[in-house]
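Structure assessment
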Amino acid sequence: MMRSMYSAVSGLKTHQTRMDVIGNNIANVNTVAFKSSSVTFSDILYQTTSNASGANATTGTGGVNAKQIGLGTTAAATKVSITSAGASETTGNPFDIRLTDKNSTNFFIVNNGSENVFTRSGSFYVDGSGNLCMSSTGYTVMGWQVDETTGEIRKDTVSALRIMQEKNLTSAPEATTQATIAGVLDENDADVKSDAGKVMNLNFYDNLGYQYTAKFAIKATAKDGEYTVELTSILDSNNKNITEGFTQAQMKDIFGDTDTKTTIASYSSTLPECGYTYDATNGKLTNTATGAEVTIGKDGTLADGTGKTIKDVFGVSEGNLKNIKDSDAAGNTDYEFKDVLNADGTHSYQIIKTSATSSLKFNTKDGKFKSIGNGTEKSVELNLNNANLNKNGNFQNITVDFSQCLNYSGKSTIGADAGAVDGTTGKGRKLGAMTGIFIDTSGRIYGTYDNGNTELLGQIAVAQFSNASGLEKVGESCYRTTLNSGEFDGIGVEISADGSSMTTGELEMSNVDLSSEFTSMITTQRGFQANSRVITTSDTLLEELVNLKR
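Just so you know, these numbers come straight off a predicted model, no measurement behind them.

Ranked by internal contacts, the top residues of the largest apolar core, which has 34 residues, are F216, L231, L360, L382, L384 and F402. Filtering out sequence-adjacent residues up to four positions away, L360 remains in contact with L185, G225, E226, Y227, V229, F369, S371, I372 and F402. Within the second largest apolar cluster, 24 residues are counted, among which are F95, M134, I460 and I495.

Here, UniProt's "domain: Flagellar basal body rod protein N-terminal" (unreviewed entry) annotation points to residues 5-35. Structurally, residues 5-35 is divided into 74% helix and 0% strand, and its ends, taken at the C-alpha atoms, are 36 Å apart.

A few words now on the domain arrangement of the protein chain. Parsing the protein chain into structural domains produces domain 1 (1-47 + 68-79 + 512-549), domain 2 (87-171 + 433-509) and domain 3 (190-373 + 383-388). Here the C-alpha centre of domain 3 lies 105 Å away from the C-alpha centre of domain 1.

This part covers the UniProt feature "domain: Flagellar basal-body/hook protein C-terminal" (unreviewed entry) in the protein chain. Within this numbering scheme, the UniProt entry marks residues 505-548 as carrying the feature "domain: Flagellar basal-body/hook protein C-terminal" (unreviewed entry). End C-alpha to end C-alpha, residues 505-548 measures 75 Å, and it is 75% helix and 7% strand.

Taken together, 4 strands build an open sheet; the order of strands is β24-β25-β14-β26 and the sheet is mixed. Either end of the sheet is taken by a strand with one partner, and the two such strands are β24 (379-382) and β26 (415-418). If you compare each strand with its neighbour and ignore which way they point, the axes differ by 25° on average. Pairing of strand β14 (residues 178-184) with strand β25 (residues 398-406), which is carried by 6 bridges, proceeds in the parallel orientation. Following the sheet pairing, Q178 is matched in β25 by T399.

Another aspect to go through is the layout of surface pockets. There is about 460 Å³ of room inside the largest pocket. Residue lining of the largest pocket: 24 residues in total, with T243, G245, F246, N323 and Y335 positioned closest to the centre. Every element with two or more residues in the lining of the largest pocket is listed here: β17 (226-235), α3 (248-254), α5 (318-330) and β22 (347-362). Ranked by the residues each element gives to the lining of the largest pocket, the list is headed by α5, at 5 residues. In terms of residue class, the lining of the largest pocket is built from 6 nonpolar, 12 polar and 6 charged.

In a regular helix each residue adds 1.5 Å, so 13 residues correspond to 18 Å; α5 covers 18 Å between its end C-alpha atoms and thus fits that length. Every buried residue belonging to α5 is among N320, L321, I324 and S327, and all of these are buried. For α5, the buried positions fall inside an angular range of 125° around the axis, keeping them on one side. Close packing links the buried residues of α5 with β18 (258-267), α4 (310-314), β21 (335-341) and β22. Of the residues one or two after α5, G331 is the one with positive phi, at around 75°.

This part covers helix α1 (residues 2-27). Between its first and last C-alpha atoms α1 spans 37 Å; for 26 residues at 1.5 Å apiece the expected length is 38 Å, and the two agree. Buried residues of α1: M5, S7, A8, S10, G11, L12, T14, H15, V21, I22 and N25, and no others.

Turning next to the packing of aromatic side chains. In this structure the tally under the stated criterion is 18 aromatic pairs. On the basis of an interplanar angle of 80° and a centroid distance of 5.0 Å, the ring pair of F118 and F465 is categorised as edge-to-face. Of this pair, F118 sits in strand β8 (residues 116-119) while F465 sits in the loop between β30 (462-464) and β31 (472-475); the two residues are 347 residues apart in sequence, bridging distant segments of the chain. Accessibility assignment for this pair places F118 and F465 in one class, buried. Pairing Y278 with Y349 gives two aromatic rings, centres 5.3 Å apart and planes at 50°, and the pair type is tilted. On the criterion of sequence distance, the pair formed by Y278 in strand β19 (residues 276-279) and Y349 in strand β22 is long-range, its members being 71 residues apart. For the pair formed by Y278 and Y349, the shared burial category is buried. Taken together through their ring pairs, the aromatic side chains of F107, F118, F465, Y479 and F488 make up a single cluster.

Next up on the list: the environment of S538. When you line up the elements, S538 lands in helix α6 (residues 514-546). For the pair S538 and L208, spaced 330 residues apart in sequence, the C-alpha to C-alpha distance is 92 Å. A distance of 2.7 Å separates the side chain of S538 from the side chain of S4, its partner in a polar contact.

Our next topic: the environment of G345. With respect to the helices and strands, the residue G345 is situated in the loop between β21 and β22. Each C-alpha atom of the pair G345 and I242 lies 42 Å from the other, and the pair is 103 residues apart in sequence.

The subject of this paragraph is the packing of α1 against α6. Geometry of a packed helix pair, given as the angle between the helix axes and the separation of the axes. Here α1 crosses α6 at 160°, and the two axes come no closer than 9 Å. In terms of their interaxial angle, α1 and α6 are classed as roughly antiparallel. The handedness of the crossing between α1 and α6 comes out as left-handed. Taken together, the residues that form the contact of α1 with α6 break down as 15 nonpolar, 13 polar and 2 charged.

Rules behind the numbers
Residues numbered from 1 in each chain as written. Predicted model: local features only at pLDDT ≥ 70, side-chain atom pairs only at ≥ 80, totals over all residues. Heavy atoms only, no water. Core = buried A, V, L, I, M, F, W, Y, C linked by side-chain atoms within 4.5 Å. Buried < 20%, exposed > 50% of the residue type's maximum accessible area, 1.4 Å probe, protein only. Contact = heavy atoms within 4.5 Å. UniProt positions renumbered as here; feature names shortened; annotations may be inferred. Helix = DSSP H or I, 4+ residues; strand = E, 2+ residues; numbered from the N terminus. Domains from an automatic or database assignment. Pairing = 2+ DSSP bridges. Axes fitted to C-alpha atoms, helices over the stretch in contact; angles between N-to-C directions. 1 Å grid on protein atoms, 1.4 Å probe; cavity = no way out; pocket = protein on both sides within 12 Å on 5 of 7 lines; lining within 4 Å. Points joined across faces, edges and corners; volume = space filled by probe spheres on them. Nonpolar A, V, L, I, M, F, W, Y, C, P; charged D, E, K, R; others polar. Expected span 1.5 Å × (residues − 1). Arc of directions from axis to C-beta. Phe/Tyr/Trp six-rings, centres within 6.5 Å; stacked < 30°, edge-to-face > 60°. Polar contact = N/O pair within 3.5 Å; in protein donor to acceptor, adjacent residues only side chain to side chain. Parallel < 35°, antiparallel > 145°, perpendicular 65-115°, else oblique. Left-handed = near helix turned anticlockwise from the far one by under 90°.

Structural data, given as structure tokens:
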């Protein structure tokens, strides 16, 4: 009689345990990455009142089964549905990450300050120290760091991913090493035929990320399909010409392989009331008052002792006069002021400049590029790494490719761009400031910078276990290893190793199925109700037994 009551009590307790689990499941129906649990019942002990006996051939009687009375039920196991993924929830937050499993159940590795624990909840943020952390607990997300020697991920013992540390906030500058000249050069372009030539600007960077502008001039020659290319100056970011005062030989060390003489100004008469007269028929300069012939020194100063210069007499600009004086002082002929006999038999004084140029040649049949320089090369070197210019060692030589030029009739579109023909190689970059962070499907974290760079900052590692259901729940959506789950080796695995992946901007929802939970709640309620009826019935029987004696 009493056995039935105690069996029913065990039934009540077991169904209460099941109801507790159901209640916890429903309470966490909206908890990120929550895994539902279920309870499995089993019977407990049996009291054997009579053992089983076998058949007796002598007497002709058969065997008799054992007589056993059960003593109730117990909660045999609580199973976590850990391998069943919840539905995805789109958040748009780049630091929300959902794990998509292929062959294994993956877990993020997080550290609570004393140990590594594991979670499926990928709701992360970057804290004040730059660490990637769980938004709910502040636990740091663990992963692999970048090897500073190779720039690749070093898969070693996991450590905190401090993705916003100071060294990651900027991207190192790169010097320009290649450039491309491309576009149409119109042989009838007025600029090409002018003394100044068709101007092209090449913007480039040095090793420190400072920007400079190399100015080139393309000029027509007497031959069809042939032009000269000259480096006229290099300007820094403050528009200061860092090649100012360089001789023609020094400029030739930077760019050009041919000495080309060009007339940059011509004078066939003197200024009014300057006191001197120039006779263009014989090329003589005379003092108007005395009629005496006057010669001009190489530095542009008249040789009559008056101290007057070609600026006072012919109106030569201050800049050209300075260039002529500097050339005379340096003992070279980069700039000369000479009397020249013209084709028509007249004379004129001309400022003649000797420049270092490279010859640009096109095929006269189809207008396509032929060569640059004296050979058959398609590129020339802008030799910035020379003693005169690169005293601080911050410049790199630039290979300038001219093969994309065309010599057609029409509008000139020719221009210079940093980088190879592909538009990226050797382009050079300024110092970059971080503008964003993104995480790819393999957990690699990249930083993007305003100089166009994308740099690898680290990689989120994951943990896999031979028996994920054996993990122990420790609250706060985290799990801990047990003897039955398998150990964590401290290194982790790359999620893409078995085809699994990470998706940003999404979270894994709870895998609780409310329809199943409500059904289980009904059967649990009925089971509890039935066990309570056993107790009341047993109580009635005991009451009848007591009432036998009155």
